[in-house]
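Understanding the architecture of this molecule
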Amino acid sequence: MPGSVPITCRPPPPGHRHHAAPGAETAAMSGAGSLVLPAGIIDPSVPIRDIKTKFLVLTGLIQAGEVSNRDIVETVLNLLVAGEFDLETNFIIQDADGIGCLPALLEHCDVTCQAEIWSMLTAMLRKSVRNLQMSTEVGLIQQLLLRMSSVDDMIADLLVDMLGVLASYSITVTEVKLLFSMLQGEGGLWPRHAVKMLSVLNQMPQRHGPDAFFNFPGRSAAAIALPPIAKWPYQNGFTFNTWFRMDPLNNITVDKDKPYLYCFRTSKGIGYSAHFVGNCLIVTSLKSKGKGFQHCVKYDFQPRKWYMISIVHVYSRWRNSEIRCYVNGQLVSYGDMAWHVNTNDSYDKCFLGSSETADANRVFCGQLGAVYVFGEALNPAQIFAIHQLGPGYKSTFKFKSESDIHLAEHHKQVLYDGKLASSIAFTYNSKATDAQLCLESSPRENSSIFVHSPHALMLQDVKATVTHSIHRAIHSIGGIQVLFPLFAQLDYHQLNDSQVETTVCATLLAFLVELLKSSVAMQEQMLGGKGFLVIGYLLEKVTQHPFFVTSLCCRLMLTKTPPPAFALSRMAPSVQNMIKPHLLLLHLHLSLLLPWRSPHLGGEQVAARCLSSDLHLLLCAKAAPGLCSRWRAVDAAASSTPSSSGLVNGATSKNLPAVQTVAPMPEDTVENMSITSKLERALEKVAPLLREIFVDFAPFLSRTLLGSHGQELLIEGLVCMKSSTSVVELVMLLCSQEWQNSIQKNAGLAFIELINEGRLLCHAMKDHIVRVANEAEFILNRQRAEDVHKHAEFESNCGQYAAERKEEEKMCDHLVGAAKHRDHVTANQLRQKIVNILTNKHGAWGMLGPRPPHDFWRLDYWEDDLRRRRRFIRNPLGSTHLDVSCKTLQEYGTEDDKLVKSKTPVLGQTATSQNPDTDLILEGDDDPDGLLQEKEADNLGSAVVLSSPAQLVAPGLVAKGTLSITTSEIYFEVDEEEPAFKRVSPKVLAYTEGLHGKWMFSEIRALFSRRHLLQTSAMEVFMANRTSVLFNFPDQATVKKAVYSLPRVGVGTSYGLPQDRRISLASPRQLFKASNMTQRWQRREISNFEYLMFLNTISGRTYNDLSQYPVFPWVLASYDSEELDLTLPANFRDLSKPVGALNPKRAAFFADRYESWEDDQTPPCHYRCHCSTAASTLHWLIRMEPFTTLFLSANNDKFDHPDRVFSSIRRSWRNCQRDTSDVKELIPEFFYLPEMLVNASGYHLGMREDRVMVGDVDLPAWAKTPEDFVRINRMALESEFVSCQLHQWIDLIFGYKQRGPEAVRALNVFHHLTYEGAVSLDAMADPPIREATEAQIRSFGQTPSQLLIEPHPPRSSAMHLSPLMFKDQMQQDVVMVLKFPSNSPVTHVAANTLPHLALPAVVTLTCSRVFAVNRWHNTVGLRGAPGYSLEQAQHLPIEMDPLIANSAASHKRQITDLVDQSIRIGTQCFVVTADNRYILACGFWDKSFRVYSSETGKLTQIVFGHWDVATCLARSESYIGGDCYIVSGSRDATLLLWYWSGRHHIIGDNPVNTDYPAPRAVLTGHDQEVACVAVCAELGLVISGAKDGPCLVHTITGDLLRALEAPEHFRCPRLISVSSEGHCIVYYEGGRFCNFSINGKLLAHMEISDSTRSVLLSSDGHNLVTGGDDGVVQVWQAWNFKRLYVYPGCDAGIRAMDLSHDQRTLITGMASGSIVAFHIDFNRWHYEHQHRY
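**Looking at the sheet that holds strand E32 (residues 1401-1406)**
Read from one edge to the other, the open sheet built from four strands follows the order E31-E32-E33-E34, with strand pairing classed as antiparallel. Single-partner strands in this sheet number two, and they are strand E31 (1386-1392) and strand E34 (1438-1439). Inspection of the sheet shows E32 paired to strand E33 (residues 1411-1416) by five bridges, in the antiparallel sense. Bridged to valine 1403 within E33 is valine 1413.

Below you can see the structure in the form of structure tokens.
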């Protein structure tokens, strides 16, 4: 073009000339890459060698319009290859920076130029792995994805093609997240080009090589050099095995080069080698110089294709040896080998990918997978089985569970019988490397064949390349489940296009099929995550994809019959696209099920077994009527076709003879008939009668019919008739002369005689007939009556049967509907869980999109060991309730009036059947009937054990339904047609769990008898997931039946009671007497809070019934002062009085009310409602969901008036002292839940009269934050003043002052309808009265069950229990120092020192993975403390492991398995079980973590599950039996939660299947390697930190809750410690600490100068201990990081720490290889110790 400037040295084609613009100088770019610029820009005499600058200059020229499109294309391609580009000879990209500059440059080019360059670059990427690797290194995928939304359609198609090529090679977690973020639709619209990018998904799984390999650049001396081999293992033959891919630099010199695959030779040149000539492989064996043997493998090895090559040398001493060559597991070439190599010289010229000379034309150019040399000649079965493992296999054939590929059992037997593992001479793979060093990774027990070190070296530019498959990336962002939300977008359409994209579903399902086919882990994720359920649920919701087509697809697929081509071809394209998804989904589901089908079953039988009835119901329900009729026709036709079941005696129905239909013959005329025919026709009816007469009257006729000579004619006649049936013969006989004469002669006499006999017979017959008729009439009448009765009975039975059938069908419909509802709820919960992962700030859909203005949260139902509900989870139903108004004061007046009017006379209705409580007998036959029922219940084999009407009691709701108990599950089905249920707000129902509930017996942990509306007819079930469910039954007898139908769990294991059904049925008073909790409280083994929660629990208080919510006391009385002194009695409330009696004036008012009571209908009381009611509970919790919704539902969708809403602690306390209608006590949340005081959702609660907007709760002046208030309130509850008085408050609420004369004296009498036994609802026959009474009970509240009728014992004082505890013992800080023989730093310390252990010990591990089990002596207690003795006091607390002290046996204390060298061995790499018997270690290159016995040092279990190296481990606290959770973090950016069985000492709870333990949950959300992790089973939380941040909080069920937001410069988390009290301490690199609440709030942060290596929280969570490189142990106050104490510095850095069980000894592991024991006493930093004692 005129005015353009040529910038390439390539001569223009003939006829093409360039004209320079006037005054413009020429810029030329040589093939070598130097560039000469126009004068005035840069000095033209200096060539530019930096490629970035070259691209910048070219960009400037493009912007100036001085370069043609063709020149741009040529220049860019030449720059990329640093020379003259040619797609056959020069296509290797030389500088990765050029690829990085390319997208920015192309933005300035026109579309055609961009298209040409992108298409050429895609071709270059397909030609060479080097180009792909360079593109991956510069993040080309990310750059392309970020530009996708702005390019036009043609470029988008090209970029999608390129993305497919790149992504199938390698794609990182960050890139997959970015891709998914661009697929998130909004408002029914797909993002631009999103549908096109879906096609990238289908290309991703199409990987044909390993994920890690050695990359050989094909340059001189580029090889892997092996160390010298002492003696070659030829005695049993040997085998070389590897996967390789030739990747030539160009297509020209392929036939000239002789690249070597391997070369193992001595310095004299003898040995073994293999090299390529053209496409053939030459295997060489040189016995001596110039004398050897070559074998040519004539196989067409194609470039850029992966092959597995196995070269087997079979050694024979007495005859010729053999050589066999296998490609891809199949024998392709073999032959005899005349000589074998036998030499004593060492093999010191050993190379992979090169000859010993390493010339440029003799080096391998391409990629190698793991390389194995076996010291045996492998057999064909072994080689074929190795090929089945695929190109990615790189381990040592020791562990069946290591492969993610589904293998046949016979292949597993061949691979893992130990022969392959033991025969490995050496093996190298690209994962087991350390910089340029290749680590030899054969099993340690195999003897080494090397002279010295076995590790090899990568020379020149040989690199160990690691790529990331889509399987790993998908696993890391949430598993295969992250695809499911895309199914919810199937009916979205593209912008400016109203048509739905019908190809999307087929694309997604095809992608799913590919993922599942190639990965067992993905299949387990799909089945474990109920993937088919979720997909079916989402497809059902999408209107454009009806599901009825599945039935036809199913038939076609199961019978493996291809659909008729004409049928599909005639369908409209839209219908074809509609059918495809269902075909794919069925193929996907059935492909997982069909491998397990019996070979004896046909396709139809498999269909019957695989497809459940509910799917059939679903298909029938979804089918259109027209299609149904057609389908029936098709089905009938199909069933009529021959099948295997249609064979009868070897012949099918089509072989049976056909029945011919006979046509009627024409009737003959009489004239045409013969005489014989006429006779036959005339006498055909008479002849049989004649014969019968002859026979019947033979005696008479024989006397009468006589011939002329006196002979009997009848005999001849009978003989004649018997011999012939012809009518003609009969006529001839009768017409004969003899017969005629005889008849004429004797006929008259015979006739007269016959008449006479006939008369006699007639008279006899008449009498007989009359008699018989009478009898028959009688019989018939009786029969008729019976028939009428039977008919009536039959009709009744039919009606009853029909009713039963109808009821059964109704029940079946109900059960099917309930199961479907349960499935929908489950699917929706799973979908929401996935959406939470995706939409989190660090998730795929939260990275780029706008963040919502509010993150809504709700209180989770999870309870910790003290029954505190502290965890908040994401709330998809959350709202700011901006449409809700506040009540007016007038509305309260009307409500109070209603309450007064609703008072009902119920004095005559009191329940009198109150049996006095007897002591609970824990042993012996106190209940023979119960024991019998218990035995019967244990032996029940029927499906349904009990079915009863029941009510589900939940916060704000009582739902009627049916409770069914089987032998293994509980089911509850709500009656949705019940009028009361229909009136419940849908918002309340959305927060209610269990309406269509199912609970497994294995999940039940405790059963309590409960009250509902003061009637003892309820049962509360506590589950393993730390939630509970409350059912109310018709009567107490049903409760007993239910308890005896459920497992024998008692009331759990916390209260010192046996796990027995009688315990579950015991009364609260019996439980109180039998439990040991009061004694434990007196001895101060448990806290005041725990004891109060125990009393609430056994007395019937429950979170599931707001009118029986747990009740706690006000403990403080000072809410005005700036500072609160907890040592002053005046600051505490008088716990001997109820709230109503604290103010003397108000006490007088209530006393007067009681004395002057005038209502004869109701007993007198001091207070009209209880101190704990449903209204007061919702009053306190109004700022948190679900209580906000429950409050609004109970108050006509209005908030309280601003002056009556809970807005200030001080105002609430003041109202409790002054307001005569307010006697509220507190709830447990005041002592542990600061979030209840914060208006986090931004509700508009109105403005008070003092013109102050109601928002967060106003705190006392002495509390700066809600956390301050809760902490101080809890401190006050646990203070000595409260401990001394608490028994008096217990007497008021639960004890002898609760009712009776003592209650009157204590001003503690509530409305009579709050007391148990005050009323019997069952005795009320009038429904309105009963409903009014129930409403009053709900409104007035319910008094807890009375636990004791005598004064409660007081608590013992701390001084009395441990008098020396508060005296200054002047203990030395350092108790002892223990130096190990090894100087290796001690990186892990585990002090499991409980006395009941078989071996109390301090287990230590060092950097070199040497462990020691150092026995612990319980002698560190202070003089006078339990367990102290003078004899023991002479010993030091820790005794060194004798096997470590004795160096000869130290090998039993060494973990020798090869670890990944890039892992920094630290305290996070190990876990020791609570009994000290097992050590878990991670960091192994094969992606496993391993379990070792601490007694023998032997490997006991190996656990696979991660897609990359496991980098950290953590253990939760242990429970009874030693069970706990183990969490493993990995470089694949995920964490896996495992279950450790203390009983079986394995990961997993199945001792039979230890090879394949399944993780309990997969935790995702990180982008990078997980660096640190902590798990707390009590809180149900896992907190983890990625290498460069952030820290994420997950539940132990896998839900991602939140990220912990630290200050800006707090980046790289390195250590995490979490306490059950809710403190989460995170240490970030650079001496930075943060303290978070479990709900993610940053409570405090600090920076120190020391590089910390270990952090510890005390058991109560109040104190933090840190230690680091400066060797100083420091103690901090956890909640505000106030430094409490600094120990003297040690002479070495601290690497690890742990505390003894009694929290009195701190053991530190030192960098010098020693441990130091410090004396520590957290009590001395307690405020009461400092101020009081």
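This is not the end of the story, as more comes after the structure.
**Thoughts on the packing of helix H38 (residues 1088-1098) against helix H44 (residues 1280-1293)**
Put simply, H38 and H44 touch, their axes get as near as 11 Å, and they point 10° apart. In this view, H38 runs roughly parallel relative to H44, as classed from their interaxial angle. Packed against H38, whose contacting residues are Asn1088, Tyr1091, Leu1092 and Leu1095, the element H44 presents Val1282, Ser1283, Leu1286, Trp1289 and Ile1290 at the interface. Looking at the contact of H38 with H44, its residues break down into seven nonpolar, two polar and no charged.

**Points about the confidence of the model for the protein**
Counting all residues, the mean pLDDT for the protein is 82, and 84% of those residues have values of 70 or more. Segment residues 545-580: pLDDT under 50, and 61 contacts once partners within four positions in sequence are set aside and those in other chains are kept. The low-confidence segment residues 590-668, where pLDDT is below 50, has 52 contacts with residues more than four positions distant or belonging to other chains.

**Considering the pattern of salt bridges**
Note that side chains of opposite charge can pair when their charged atoms are close. For the structure on display, the rule yields 63 salt bridges. Between aspartate 153 and lysine 196 there is a salt bridge whose closest N-O contact spans 3.7 Å. Taken together, the residues aspartate 153 in helix H7 (residues 153-169) and lysine 196 in helix H9 (residues 194-203) connect sequence positions 43 residues apart. Judged by its relative accessible area of 25%, lysine 196 falls in the partly exposed class. In this structure, aspartate 345 engages lysine 268 in a salt bridge whose closest nitrogen and oxygen atoms are separated by 3.1 Å. Highlighted residues: aspartate 345 in the loop between strand E10 (330-337) and strand E11 (349-352) and lysine 268 in the loop between strand E4 (260-265) and strand E5 (271-277), separated in sequence by 77 residues. Judged by relative accessible area, which is 25%, aspartate 345 ranks as partly exposed. Salt bridges sharing common partners tie together Asp864, Arg868, Arg870 and Glu1621.

**Section: the pairing of strand E50 (residues 1632-1636)**
With four of its five residues buried, E50 lies for the most part within the structure. Pairing between strand E49 (residues 1624-1628) and E50: five bridges, direction antiparallel. The residue bridging valine 1626 from the neighbouring strand is cysteine 1634, located in E50. Hairpin geometry of E49 and E50 is characterised by an intervening segment of three residues between the two adjacent antiparallel strands and by a positive phi of about 95° at glycine 1630. The loop that links E50 with its antiparallel partner strand E51 (residues 1642-1647) comprises five residues; one of these, glycine 1640, has a positive phi angle of about 90°.

**Points about the sheet that holds strand E54 (residues 1674-1677)**
Here we have four strands laid out as an open sheet, ordered E52-E53-E54-E55, and antiparallel in their pairing. Here the strands that pair on one side only, and so sit at the sheet edges, are strand E52 (1652-1657) and strand E55 (1682-1686). For this sheet the average axis-to-axis angle between neighbouring strands, irrespective of direction, equals 25°. In this sheet, E54 lies alongside strand E53 (residues 1663-1668) in antiparallel orientation, the contact comprising four bridges. Across the sheet, residue valine 1665 finds its bridge partner in E54, namely valine 1675.

**A closer look at the nonpolar core**
Formed by 127 residues in total, the largest nonpolar core has its most connected members in Met1019 and Phe1230. Among residues more than four places away in sequence, those in contact with phenylalanine 1230 are Trp1180, Phe1206, Ile1209, Met1236, Phe1269, Val1270 and Asn1273. The next biggest cluster of nonpolar side chains, apart from the first, holds 123 residues, and it includes Ile51, Leu61, Leu132 and Leu140.

**Comments concerning the packing of aromatic side chains**
Any two aromatic rings considered together are summarised by their centre-to-centre distance and by the angle between their planes. Counting across every chain of the model gives 63 aromatic pairs. Ring centres of tyrosine 1055 and phenylalanine 1094 lie 4.8 Å apart, and the angle between their planes is 65°; on these two criteria the pair is classed as edge-to-face. Taken together, the positions of tyrosine 1055 in the loop between helix H34 (1036-1045) and helix H35 (1061-1065) and phenylalanine 1094 in helix H38 put the pair 39 residues apart, joining distant regions of the chain. Across the pair, exposure class does not vary: tyrosine 1055 and phenylalanine 1094 are buried alike. Between phenylalanine 1089 and phenylalanine 1112 the ring centres are 5.0 Å apart and the planes differ by 40°, which places this aromatic pair in the tilted class. Pair noted here: phenylalanine 1089 is in helix H38 and phenylalanine 1112 is in the loop between H38 and helix H39 (1144-1155), with a separation of 23 residues, a long-range link. The ring of tyrosine 1539 has arginine 1560 lying over it, and the distance from NZ or CZ to the ring centre is 4.4 Å.

**Focus on the side chain of asparagine 1308**
Along the chain, the position of asparagine 1308 falls in the loop between helix H45 (1301-1305) and helix H46 (1327-1340). Excluding anything up to four places from it in sequence, asparagine 1308 contacts Pro1138, His1166, Tyr1167, Leu1292, Lys1297, Gln1298, Ala1303 and Tyr1315.

Cut-offs and rules
- Residues numbered from 1 in each chain as written.
- Predicted model: local features only at pLDDT ≥ 70, side-chain atom pairs only at ≥ 80, totals over all residues.
- Heavy atoms only, no water.
- Pairing = 2+ DSSP bridges.
- Helix = DSSP H or I, 4+ residues; strand = E, 2+ residues; numbered from the N terminus.
- Axes fitted to C-alpha atoms, helices over the stretch in contact; angles between N-to-C directions.
- Parallel < 35°, antiparallel > 145°, perpendicular 65-115°, else oblique.
- Contact = heavy atoms within 4.5 Å.
- Nonpolar A, V, L, I, M, F, W, Y, C, P; charged D, E, K, R; others polar.
- pLDDT = per-residue confidence, 0-100.
- Salt bridge = Lys/Arg side-chain N within 4 Å of Asp/Glu carboxyl O.
- Buried < 20%, exposed > 50% of the residue type's maximum accessible area, 1.4 Å probe, protein only.
- Core = buried A, V, L, I, M, F, W, Y, C linked by side-chain atoms within 4.5 Å.
- Phe/Tyr/Trp six-rings, centres within 6.5 Å; stacked < 30°, edge-to-face > 60°.
- Lys NZ or Arg CZ within 6 Å of the ring centre and 35° of its normal.

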